[in-house]
Number of protein chains: 2
Amino acid sequence: MTVPDLMTPFSTALDFASGRLDPERKTTERTLGDMRGMYLADDDPARAGEVVYRVYEIPVPATNSNLASSTTVIEPGKVGDEYFMTKGHYHARRDRAEIYFGLSGTGMLVMATEDGETHVEEMSPGTVAYVPGWWGHRTVNTGSEPFIFFAAYPADAGYDYGTIEREGFPVIVVERDGKPQVVENPRYGSG
Amino acid sequence: MTVPDLMTPFSTALDFASGRLDPERKTTERTLGDMRGMYLADDDPARAGEVVYRVYEIPVPATNSNLASSTTVIEPGKVGDEYFMTKGHYHARRDRAEIYFGLSGTGMLVMATEDGETHVEEMSPGTVAYVPGWWGHRTVNTGSEPFIFFAAYPADAGYDYGTIEREGFPVIVVERDGKPQVVENPRYGSG
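Residues numbered from 1 in each chain as written. Chains lettered and ligands numbered in written order. Predicted model: local features only at pLDDT ≥ 70, side-chain atom pairs only at ≥ 80, totals over all residues. Heavy atoms only, no water.

With that settled, consider the relation of the copies chain B and chain A. At an RMSD of 0.0 Å, chain B and chain A line up after a rotation of 180 degrees and a shift of 0.0 Å along the axis. One copy is carried onto the other by what is essentially a two-fold rotation axis. In this assembly the copies share their binding face: 100% of the residues contributing to the interface of chain B also contribute to that of chain A. (Least-squares fit on C-alpha atoms with pLDDT ≥ 70 in both. Contact = heavy atoms within 4.5 Å.)

Encoded structure:
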């Protein structure tokens, strides 16, 4: 039996403490400047260079039989009273699911459908969270150390960042009396 | 937009030390008796009840957009000089890939194609190993403590245990001078 597209198995070393991968294949860094307009508080140009999070990916060919994976490291921090978070996205192929696995630090996985339904899962080391298809997802660092998690998803899922950039998410996560609280996003849908 | 099969997100707590999941949804236990004929040494009926490994699964509907996941805990032990291992399988849908993530202990991920090509990845905590489609895969505990890893795979991958039960794997992992060594399986293909 000959398989024309037979891939060779490989492995990558993940450092639990830093979330970094070795070898490092594809890294995305997002600063506050990259996220202009995504936080409720006014943007402060002086903070534009601050790194909010980094994603270290293990890319594979984008078929529906392959699985892509990554670690994400969200720094601790806030903009106003809103915690540092990822941009968040829907999958371009909406039905594709994703698995999140908490490795270090604490946070929240905030999910929403395009109908405005929301669901939040708290994450800490060992939390395995399931993001079913059709749920947009964003992660938030609600702690005082980096929040690090591993994610696996069908390699053909693709990214739709635009929907959340335009509409926002129905809820945001803010600090109230020193604790994280999920509250309605007053700007949701105002596009 | 209405999605008829919209699933509700959920999470599961994974204990890094034991590999157990909470809630525990589906557990498979394999004893030496369940693996009769899979080790080179003669089967010892007195050891038939010995647990070799347990798999704790997070099941989801078996579509190609969902991802199933599990933790596997392989006990330390040997049959003759052959280390405790899983039965191993090909995916029923051969092209489906799988991601393995080492959590505790040390082992080897032994892979083979049906053409007899082999590939071995050593695993320790933090190893993220990629099993591409078409590669049968089996894990082996080469250490003195439980070898625990997390796995994620397309929920429609399915299991073909029969091919390895009939043919064996081209290589086996044995202890030589106190160290694990990958050697040819003298019974491979003998059916």
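A few words now on the confidence of the model for chain A. When pLDDT is averaged across chain A, the result is 95; 97% of the residues are at 70 or more. The ipTM assigned to the predicted complex is 0.95, against a pTM of 0.96. (pLDDT = per-residue confidence, 0-100.)

A separate point is the sheet that holds strand S12 (residues 136-141) of chain B. Residue and element names in this part refer to chain B. With antiparallel pairing, three strands are arranged side by side in an open sheet as S10-S9-S12. Because the sheet does not close on itself, it has two edges, and the strands there are strand S10 (118-123) and S12. On average, adjacent strands in this sheet sit at an angle of 20 degrees to one another, irrespective of strand direction. Bridge count between strand S9 (residues 107-112) and S12: six bridges; the pairing is antiparallel. Bridging across to S12, Met108 finds its partner in Val140. (Pairing = 2+ DSSP bridges. Helix = DSSP H or I, 4+ residues; strand = E, 2+ residues; numbered from the N terminus. Axes fitted to C-alpha atoms, helices over the stretch in contact; angles between N-to-C directions.)

Residue and element names in this part refer to chain A. Between Asp22 and the following residue, Pro23, the backbone shows a cis peptide bond with an omega angle of 5 degrees. Within the secondary structure layout, Pro23 lies in the loop between strand S2 (21-22) and strand S3 (26-31). Unlike most non-glycine residues, Trp134 shows phi in positive territory, near 80 degrees.

Turning our eyes to something else, we now look at the sheet that holds S3(A). Spatially, eight strands are ordered S3(A)-S4(A)-S5(A)-S13(A)-S8(A)-S11(A)-S1(B)-S2(B) in an open sheet, and the strand pairing comes out antiparallel. The sheet terminates laterally at S3 of chain A together with strand S2 (21-22) of chain B, the two strands that pair on one side only.

A few words on the interface of chain B and chain A. The interface is formed by 51 residues belonging to chain B together with 51 residues belonging to chain A. Remark: the boundary between chain B and chain A carries zero salt bridges. Counting across the interface, chain B meets chain A through 20 residue pairs in polar contact (both at pLDDT 80 or more). Elements that contribute at least two residues to the side of chain B that touches chain A include exactly strand S1 (10-14), strand S5 (67-74), strand S8 (98-104), S10, strand S11 (127-131) and strand S13 (147-154) of chain B. Taken together, the four bridges between strand S1 (residues 10-14) of chain A and S11(B) define a ladder with antiparallel strand orientation. The residue bridging Ser11(A) from the neighbouring strand is Ala129(B), located in S11(B). (Salt bridge = Lys/Arg side-chain N within 4 Å of Asp/Glu carboxyl O. Polar contact = N/O pair within 3.5 Å; in protein donor to acceptor, adjacent residues only side chain to side chain.)

Residue and element names in this part refer to chain B. Mapped onto the elements, Thr31 comes out in strand S3 (residues 26-31). Taking the relative accessible area as the measure of exposure, Thr31 reaches 13% and is therefore buried. If we skip the residues at most four places from it in the chain, Thr31 touches Ala48, Gly49, Glu50, Val51 and Val52. (Buried < 20%, exposed > 50% of the residue type's maximum accessible area, 1.4 Å probe, protein only.)

Looking now at the pattern of salt bridges. This model, assessed by the stated rule, comprises 25 salt bridges over all chains. With its nearest N and O atoms 3.0 Å apart, the salt bridge here joins Glu165(B) to Lys87(B). With Glu165(B) in helix H1 (residues 162-167) and Lys87(B) in the loop between strand S7 (82-83) and S8, this pair connects stretches of sequence that are 78 residues apart. A relative accessible area of 9% means that Lys87(B) is categorised as buried. One network of salt bridges, with partners in common, ties together Arg93(A), Asp95(A), Arg96(A) and Asp156(A).

With that settled, consider the side chain of Glu57(A). The topology assignment puts Glu57(A) in strand S4 (residues 51-58). Among residues more than four places away in sequence, those in contact with Glu57(A) are Leu21(A), Arg25(A), Lys26(A), Thr28(A), Ser69(A), Ser70(A), Tyr153(A) and Tyr159(A).

Glancing now at the packing of aromatic side chains. Summed over all chains, the structure comprises 16 aromatic pairs over all chains. Where Phe10(A) meets Tyr130(B), the ring centres are 5.3 Å apart and the plane angle is 25 degrees; that geometry is what we call stacked. Placement of Phe10(A) in strand S1 and of Tyr130(B) in strand S11 is noted, with the two residues assigned to different chains. For Phe10(A), a relative accessible area of 16% corresponds to the buried category. Taking the relative accessible area as the measure of exposure, Tyr130(B) reaches 3% and is therefore buried. Taken together, the ring pairs connect Phe16(A), Phe101(A), Phe150(A), Phe16(B), Phe101(B) and Phe150(B) into an aromatic cluster. (Phe/Tyr/Trp six-rings, centres within 6.5 Å; stacked < 30°, edge-to-face > 60°.)

The subject of this paragraph is the nonpolar core. Phe101(A), Phe150(A), Phe101(B) and Phe150(B) are the most contacted members of the largest nonpolar core, which has 103 residues in total. Those residues in contact with Phe150(B) that sit more than four places away from it in its chain are Ile99(A), Phe101(A), Val128(A), Leu14(B), Ser69(B), Ser70(B), Thr71(B), Ile99(B), Tyr100(B), Phe101(B) and Leu103(B). (Core = buried A, V, L, I, M, F, W, Y, C linked by side-chain atoms within 4.5 Å.)

Before going further, it helps to examine the pairing of strand S4 (residues 51-58) of chain B. Residues and elements named next belong to chain B. Taken across its eight residues, S4 has six buried, putting it largely inside the fold. Of the pairings in the sheet, the one linking S4 to S5 comprises six bridges and is antiparallel in character. Bridging across to S5, Glu57 finds its partner in Ser70.

With that settled, consider the environment of Asn64(A). Mapped onto the elements of the fold, Asn64(A) is located in the loop between S4 and strand S5 (67-74). Separated by 44 residues in the primary sequence, Asn64(A) and Arg20(A) place their C-alpha atoms 26 Å from one another. Sequence-distant contacts of Asn64(A), that is, excluding residues within four places in its chain, are made with Arg96(A), Asp156(A), Asn64(B) and Arg96(B).

Before going further, it helps to spend a moment on the pairing of strand S12 (residues 136-141) of chain A. For S12(A), a buried count of six out of six residues is recorded, marking the element as mostly surrounded by other parts of the structure. With burial as the criterion, each face of S12(A) is covered, one bearing Gly136(A), Arg138(A) and Val140(A) and the other bearing His137(A), Thr139(A) and Asn141(A).

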